[in-house]
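Structural description and commentary
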Amino acid sequence: MNSSQPQKHGDLEKHFIKVWLTKVMTGCNFAGLLVRQSSGIWIQSIHEVPTLESLELLDVSLDTVGAAGTVAVVMFPGVHSVTQLVETLELLNRLERWRVSTLDEDEDVHTVKVEWLTEEQKWSNCMGLAPLLSMPPTRRAPFVGLALWPGVQSRNEGPSVDFHDIPLPLDLADDDAARRQMFKQVKEQTTKLFAQTPERNWREISFCLPAYARNSPGF
Amino acid sequence: MSQQHDHQPELVPLADFKKDQREWVKKSMTTPIIVVDQAGKALFEMEVVREPEEQPAAAE
């Protein structure tokens, strides 16, 4: 094997993923804030179409990343179609610590929720990412992926965790005005991006798939 | 452009990764890891993205 192959294989993907995460993701300052704090964002890219074996390995990785207090993003640059995305979700749904469910039967889109069970036994709401027009504008990424908080619950209550449980950097944690200002900016920017999209609780939704994907048998 | 790690990615055979997964994932927090199969083909990779680096303005 040519030893330079692996590095070359993912270079373009990594470039796109990093630029998107640091400059574009969610259209807000929050992702930028995450990459500025010392823990950063942990990214795993699975190059090929995911298999049960490759997905099974995620549990231990996410537990480790969660224990380190870092946000996780799992990218699937090998997934190139809605069919492959649905198949990936079906595989995840077969695993003990993943739960994939249909949210509603909208006429135009098939909304899906993906959750992962943390070591603390809380369901972490996953933010889905995909290069699909059916996705909310802030979730249209260069590749299919899942972003999640794999760590402990801190602000939420009950059986779930999400990005609200991420520890804030000290400068924001200690500064109410700065924190309020950042969340205000996030809301304004997100509202602009959602201008042509009906209002709804996007945090609950991982993927908005084209309507034809609703015939999927696995969830 | 986001910050590039100082370290070159470390190639890890899948069998080694599975044997000590938590330690390899911990290592990926500081050094990019590329997990390869027996033929040396990259299966997946992991790393941490941190603060974007300001690029100096190009000289005219």
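Computed from a predicted structure; not experimentally measured.

Scoring rules and cut-offs
- Residues numbered from 1 in each chain as written.
- Chains lettered and ligands numbered in written order.
- Predicted model: local features only at pLDDT ≥ 70, side-chain atom pairs only at ≥ 80, totals over all residues.
- Helix = DSSP H or I, 4+ residues; strand = E, 2+ residues; numbered from the N terminus.
- Buried ≥ 20, exposed ≤ 12 C-beta atoms within 10 Å, placed from the backbone.
- Contact = placed C-beta atoms within 7 Å.
- Pairing = 2+ DSSP bridges.
- Axes fitted to C-alpha atoms, helices over the stretch in contact; angles between N-to-C directions.
- pLDDT = per-residue confidence, 0-100.

1. With respect to the overall build of chain A
The number of helices and strands found in chain A is seven helices and nine strands. Taking all 219 residues of chain A together, 39% fall into the buried category. The contacts in chain A between residues at least 6 apart in sequence include a share of 67% that link residues at least 24 apart.

2. Details of the pairing of strand β4 (residues 109-117) of chain A
Residue and element names in this part refer to chain A. Buried residues dominate β4, accounting for seven of its nine residues. One ladder, built from four bridges, connects β4 with strand β9 (residues 207-210); its direction is antiparallel. The partner of T111 across the bridge, within β9, is C208. Two elements, β4 and strand β5 (residues 123-125), share three bridges in a ladder whose sense is antiparallel. What sits directly across from W116, in β5, is S124. Hairpin connection between β4 and β5: a loop of five residues separates the two successive antiparallel strands, and Q121 in this loop has a positive phi of roughly 65°.

3. Structural notes on the sheet that holds strand β7 (residues 144-148) of chain A
Taken together, seven strands build an open sheet; the order of strands is β6(A)-β7(A)-β2(A)-β1(A)-β3(B)-β2(B)-β1(B) and the sheet is mixed. The sheet terminates laterally at β6 (127-129) of chain A together with β1 (10-13) of chain B, the two strands that pair on one side only. For this sheet the average axis-to-axis angle between neighbouring strands, irrespective of direction, equals 20°. Where strand β1 (residues 41-46) of chain A and strand β2 (residues 71-76) of chain A come together, five bridges link them in parallel fashion. The partner of A:S45 across the bridge, within β2(A), is A:M75.

4. Focus: the confidence of the model for chain B
Residue and element names in this part refer to chain B. Taken residue by residue, chain B gives an average pLDDT of 82. The fraction at 70 or more is 73%. Between the elements of chain B, mean pLDDT differs from a low of 92, seen in strand β3 (residues 42-49), to a high of 98, seen in helix α2 (residues 21-28). Here residues 1-5 is modelled with pLDDT under 50, and outside its nearest four sequence neighbours on either side it reaches 15 contacts, counting other chains as well.

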